[in-house]
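# Geometric and topological summary
Letter by letter, the chains look like this.
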Amino acid sequence: MAETRASRPILAGVGCYLVWGFAPLFFQAIFQMGVGSWEILAHRSLWAAPVALVFVVWAGQIRQVQAVLRKPSVMAGLALSALLIGANWSLYIWAVNVGKVLETSLGYYLTPLLNVLAGVVIFRERLDRTARIAIALAALGVAMQAIALGHIPWISLTLAFTFGAYGVVRKLVAADAQTGLFVECLFLAVPSAVYLAFLPHGGHFGSAAPVTLWLLACGPVTAVPLVLFSWVVRRIPMSTLGFLQFIGPTVAFAIGLAEGEAFTPLRALSFAMIWGGAVVYAFGAWRKHQAPVVAT
């Protein structure tokens, strides 16, 4: 039973990264209905708030929300995390809708490396030899992807920094997953509502049932994986979280390939290097788990 409870954060992490991996298809579908990237972002921010409130009520954390609202230091931390995730969303939605899915996947391959670095530097986590080899392989693979692009991968670097920094801030801020997400959504919902109010004819929302339902779906598609992520990030080491994050960009990478984005031999080699690092790390973790416990 204890082992089952210990595996729950891992399973939750896998779930949220699978949702994020398939997210390009979701936002591309809305974009193809004629909705611009900024309008998609605004609806994503706006409808995430009521969904996050449902999680707060379900978890019985209304009083925790009230307590957080009275703590300026916690509010400042959540304002920073809201700014980081809002910047990440805006760049990501634009990128997947202009044929840059592979560059977004590169950004989220970089993010685990930043999480591992944060785990060592900020949270004093220790890495064994196997983990260091895995990180070196993954870092080499990511560098090769950047070379394959032929220019500084500013989209990838910005996505990696904003989401990596978001994870660090959420780990440091003293707020539970549901409470923190709801407050973050409140910070983002206000400017989003103002933006939508000034769109000609109110934008696409309400213009037709299909597009309206897709825009409403932005709420759960946004809030559910973020709740899982915020819950997971406070329960497992940043280094472990870092390697779970290879799931999302791998799915996105496959989507980019399927949509016909350029794929060179160098990119193929870099992909192999990255997953070589993930396999080495997974093998090291498995071997450590299988090692017999020595009585003292």
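Residues numbered from 1 in each chain as written. Predicted model: local features only at pLDDT ≥ 70, side-chain atom pairs only at ≥ 80, totals over all residues. Heavy atoms only, no water.

## Focus on the nonpolar core
Among the nonpolar cores identified, the biggest contains 62 residues, and Phe-27 and Phe-229 are the most heavily contacted of them. Here the element with the most residues in this core is helix 4 (residues 72-97); it accounts for 12 residues. With residues up to four places along the chain from it excluded, the contact list for Phe-229 reads Cys-16, Tyr-17, Trp-20, Phe-163, Tyr-166, Gly-167, Leu-241 and Gln-245. One finds Ile-135, Ala-160, Phe-246 and Phe-253 within the second-largest nonpolar core, a separate group that totals 17 residues. (Core = buried A, V, L, I, M, F, W, Y, C linked by side-chain atoms within 4.5 Å. Buried < 20%, exposed > 50% of the residue type's maximum accessible area, 1.4 Å probe, protein only. Helix = DSSP H or I, 4+ residues; strand = E, 2+ residues; numbered from the N terminus. Contact = heavy atoms within 4.5 Å.)

## Examining empty space enclosed by the protein
One pass over the structure, following the stated rule, counts one cavity of 30 Å³ or more. When its volume is computed, the largest cavity comes out at roughly 250 Å³. Only helix 1 (2-31), helix 4, helix 5 (101-121) and helix 11 (247-258) provide two or more residues apiece to the lining of the largest cavity. (1 Å grid on protein atoms, 1.4 Å probe; cavity = no way out; pocket = protein on both sides within 12 Å on 5 of 7 lines; lining within 4 Å. Points joined across faces, edges and corners; volume = space filled by probe spheres on them.)

## As for the environment of Ser-7
Among the structural elements, Ser-7 can be located in helix 1. With 256 residues separating them along the chain, Ser-7 and Phe-263 place their C-alpha atoms 36 Å apart.

## Quick notes on the layout of surface pockets
Regions of empty space are outlined by a rolling probe, equal in size to a water molecule, passed over the atoms. If you add up the space inside the second largest pocket, you get close to 240 Å³. If you go around the second largest pocket, you meet 13 residues; those closest to its centre are Trp-38, Leu-41, Ser-45, Leu-188 and Ser-192. Counting residues per element, the ones that place at least two in the lining of the second largest pocket are helix 2 (37-58), helix 4 and helix 8 (177-197). Looking at which element gives the most residues to the lining of the second largest pocket, the answer is helix 4, with five residues. In the lining of the second largest pocket, the residues fall into nine nonpolar, four polar and no charged. (Nonpolar A, V, L, I, M, F, W, Y, C, P; charged D, E, K, R; others polar.)

## Some details on the packing of aromatic side chains
What the rule picks out here adds up to 12 aromatic pairs. Between Phe-26 and Phe-27, the aromatic rings sit 5.2 Å apart at their centres with planes inclined by 80°, giving edge-to-face as the arrangement. Judged by its relative accessible area of 13%, Phe-26 is buried. Feature note: the residues Tyr-17, Trp-20, Phe-26, Phe-27, Tyr-92, Tyr-108, Phe-163, Tyr-166 and Trp-214 constitute an aromatic cluster, connected by ring pairs. (Phe/Tyr/Trp six-rings, centres within 6.5 Å; stacked < 30°, edge-to-face > 60°.)

## Side note on helix 6 (residues 129-149)
With 21 residues, helix 6 extends 31 Å from end C-alpha to end C-alpha; this agrees with the ideal 30 Å at 1.5 Å per step. Within helix 6, burial applies to Thr-130, Ala-131, Ala-134, Ile-135, Ala-138, Gly-141, Val-142, Met-144, Gln-145 and Leu-149. Count one or two residues on from helix 6 and you reach Gly-150, which has phi positive near 85°. (Expected span 1.5 Å × (residues − 1).)

## Focus on helix 7 (residues 154-172)
The end-to-end C-alpha distance of helix 7 is 27 Å, a good match for the 27 Å that 19 residues give at a rise of 1.5 Å each. With respect to burial, helix 7 is a largely interior element, 14 of its 19 residues being buried.

## As for a nonpolar patch on the surface
Where nonpolar side chains cluster on the molecular surface, the patch consists of Leu-114, Leu-117, Val-120, Val-121, Ile-122, Phe-161 and Leu-172 and spans about 640 Å² of accessible area. Counting only elements with at least two residues in the nonpolar patch, the list comes to helix 5 and helix 7. Element by element, the count of residues in the nonpolar patch is highest for helix 5, at four residues. Mapping Val-121 onto the fold places it in helix 5. (Patch = residues over 30% accessible without salt bridge, like charges linked within 9 Å, V, L, I, M, F, W, Y side chains within 5 Å. Areas by Shrake-Rupley, 256 points an atom, 1.4 Å probe, with all protein chains shown as cover. Salt bridge = Lys/Arg side-chain N within 4 Å of Asp/Glu carboxyl O.)

## Some details on the side chain of Asn-88
Residue placement: Asn-88 occurs in helix 4. In terms of polar contacts, Asn-88 uses its side chain to reach the backbone carbonyl oxygen of Leu-159, at 3.2 Å. Excluding residues within four positions of it along the chain, Asn-88 makes contact with Tyr-108, Leu-159, Thr-162 and Phe-163. (Polar contact = N/O pair within 3.5 Å; in protein donor to acceptor, adjacent residues only side chain to side chain.)

## Description of the pattern of salt bridges
Scanning all chains against the criterion turns up two salt bridges. Across the pair Glu-103 and Lys-100 runs a salt bridge, and its minimum N-O distance is 3.7 Å. Residue classification places Lys-100 among the partly exposed positions, given a relative accessible area of 31%. Across the salt bridge formed by Arg-170 and Glu-184, the nearest N and O atoms sit 3.3 Å from each other. Of the two residues, Arg-170 sits in helix 7 while Glu-184 sits in helix 8, which places them 14 residues apart along the sequence.

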